Amino acid sequence: MTVYLNGRFIPIEEALIPVLDRGFIFGDGVYEVLPVYSRNVFRLAEHLQRLQHSLDAIRLPNPYRDEQWAEIVSELVARNEGEDQYLYLHITRGVAKRDHAFPVPPVAATVFLMSSPLLHPPAESLATGVSAISAVDNRWLRCDIKAISLLPNVLLRQMAADAGCAETIMLRENAFLTEGSASNIFIVKNGTLLAPPKDHLMLPGITYDVVLEIAAANGIPSEIRRISAAEIFAADEILMTSSTREILAITQVDGQIIGNGKPGAMFTQLYALYQTYKREVMRSA
Ligand code: PDD
């Protein structure tokens, strides 16, 4: 497995960083996860735009221009096996004496990228849907930043794992839906796709945008608004989306059956449209 670290493509075993890296010490950095289909990076421009948003929010200059990022990611894809991969891209504020304030003068950012096989969700998850739990969203108020400091997400996701579930649906103030621990969440009611607004309380998902675009292009009604906790349990369907899991149906939350307990018509339609869209994009790439 070949990774990219600070300007070099090297075997992962040789990719080492100093312990004073601010990513290691403070979680002071941001990241992206980019799916690769048939060796083409999906929605690169959108991922780079979100990366820029995260970097601006933490006041870290972008170490590369978009053309340079494009070269690095295509080289990394070429150097790794598999038609379908996912890339993990990670930037920290670099190596400096431990002090919470930014280093003066600034130091070079640490840039790390790796590729992993993109595993498609098991057929069973697609056929039966997955189970989730709900939990209070106890994260900070800048969830729009794709920050590497993921301890709350890790703990929230482990709660789902402990319960034998695939995801934790997060409720801000125990009252309204924000997102999953590593995914965005939609609900379906009376044929309308409902999504929470992209604000500071959730990560603006690239897959979230794709799903809403596909819905609009195919005459599927959608609405973006706050979704209450009660609406989740009364939903006809619940969907989760992310770059690595695409679209999955959530058919149980906290042991309660959602809708008829099976992936519904909206899931089936959106899943098929998503697969078609992906193939079209890759053909034209
Ligand atoms: N996570 N919300 C959170 C908190 C996430 O971590 C993710 C993705 C999403 C979905 O965003 P996108 O559609 O752009 O992947 C929403 C990635 C996959 C991860 O951390 O591995």
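Residues numbered from 1 in each chain as written. Predicted model: local features only at pLDDT ≥ 70, side-chain atom pairs only at ≥ 80, totals over all residues. Heavy atoms only, no water.

Draft legend 1. Main features of helix 8 (residues 265–284). For helix 8, spanning 20 residues, the distance from its first C-alpha to its last is 29 Å, which sits close to the expected 28 Å at 1.5 Å a residue. M266, F267, L270, Y274, Q275, K278 and M282 are the residues of helix 8 that are buried. Buried residues of helix 8 fall within an arc of 155° about the axis and therefore sit on the same side. With respect to the buried face of helix 8, the exposed residues turned more than 90 degrees away are A265, R283 and S284. (Helix = DSSP H or I, 4+ residues; strand = E, 2+ residues; numbered from the N terminus. Expected span 1.5 Å × (residues − 1). Buried < 20%, exposed > 50% of the residue type's maximum accessible area, 1.4 Å probe, protein only. Arc of directions from axis to C-beta.)

Draft legend 2. Examining the sheet that holds strand 6 (residues 110–117) more closely. Read across the open sheet, the six strands follow the order 2-1-6-5-3-4; overall the sheet is antiparallel. Single-partner strands in this sheet number two, and they are strand 2 (8–11) and strand 4 (40–41). By the bridge criterion, eight bridges tie strand 5 (residues 85–92) to strand 6 in an arrangement that is antiparallel. Each residue of the ladder has a partner; that of Q85, found in strand 6, is P117. (Pairing = 2+ DSSP bridges.)

Draft legend 3. Region of interest: the pattern of salt bridges. Scanning all chains against the criterion turns up 17 salt bridges. Across the pair R43 and E213 runs a salt bridge, and its minimum N-O distance is 2.7 Å. In this pair, R43 sits in the loop between strand 4 and helix 2 (44–57) while E213 sits in helix 6 (residues 206–217), placing the two residues 170 residues apart along the sequence. For E213, a relative accessible area of 40% translates into the label partly exposed. Where E75 meets R79, a salt bridge forms, and the shortest distance between an N and an O atom there is 2.7 Å. With E75 and R79 both in helix 3 (residues 66–79) and four residues apart, this pair spans about one turn of that helix. The exposure class assigned to E75 is partly exposed, which follows from its relative accessible area of 33%. One network of salt bridges, in which partners are shared, links D137, R139, R172 and E179. (Salt bridge = Lys/Arg side-chain N within 4 Å of Asp/Glu carboxyl O.)

Draft legend 4. Main features of the side chain of N153. Assignment of secondary structure puts N153 in helix 5 (residues 151–162). By relative accessible area, N153 is classed as buried at 13%. In contact with N153, other than residues within four places in its own chain, are R139 and S181. (Contact = heavy atoms within 4.5 Å.)

Draft legend 5. Molecular detail of the packing of helix 6 against helix 8. For the pair helix 6 and helix 8, interaxial distance at closest approach is 10 Å and the crossing angle is 105°. One element, helix 6, and the other, helix 8, form an angle in the roughly perpendicular class. Here T207, V210, V211, I214 and A215 of helix 6 lie close against helix 8, whose contacting residues are L270, L273, Y274 and Y277. Taken together, the residues of the contact of helix 6 with helix 8 sort by class into eight nonpolar, one polar and no charged. (Axes fitted to C-alpha atoms, helices over the stretch in contact; angles between N-to-C directions. Parallel < 35°, antiparallel > 145°, perpendicular 65-115°, else oblique. Nonpolar A, V, L, I, M, F, W, Y, C, P; charged D, E, K, R; others polar.)

Draft legend 6. Here's a closer look at the confidence of the model for the chain. Counting all residues, the mean pLDDT for the chain is 97, and 100% of those residues have values of 70 or more. When mean pLDDT is taken per element in the chain, strand 1 (residues 2–5) scores highest with 99 and helix 8 scores lowest with 91. (pLDDT = per-residue confidence, 0-100.)

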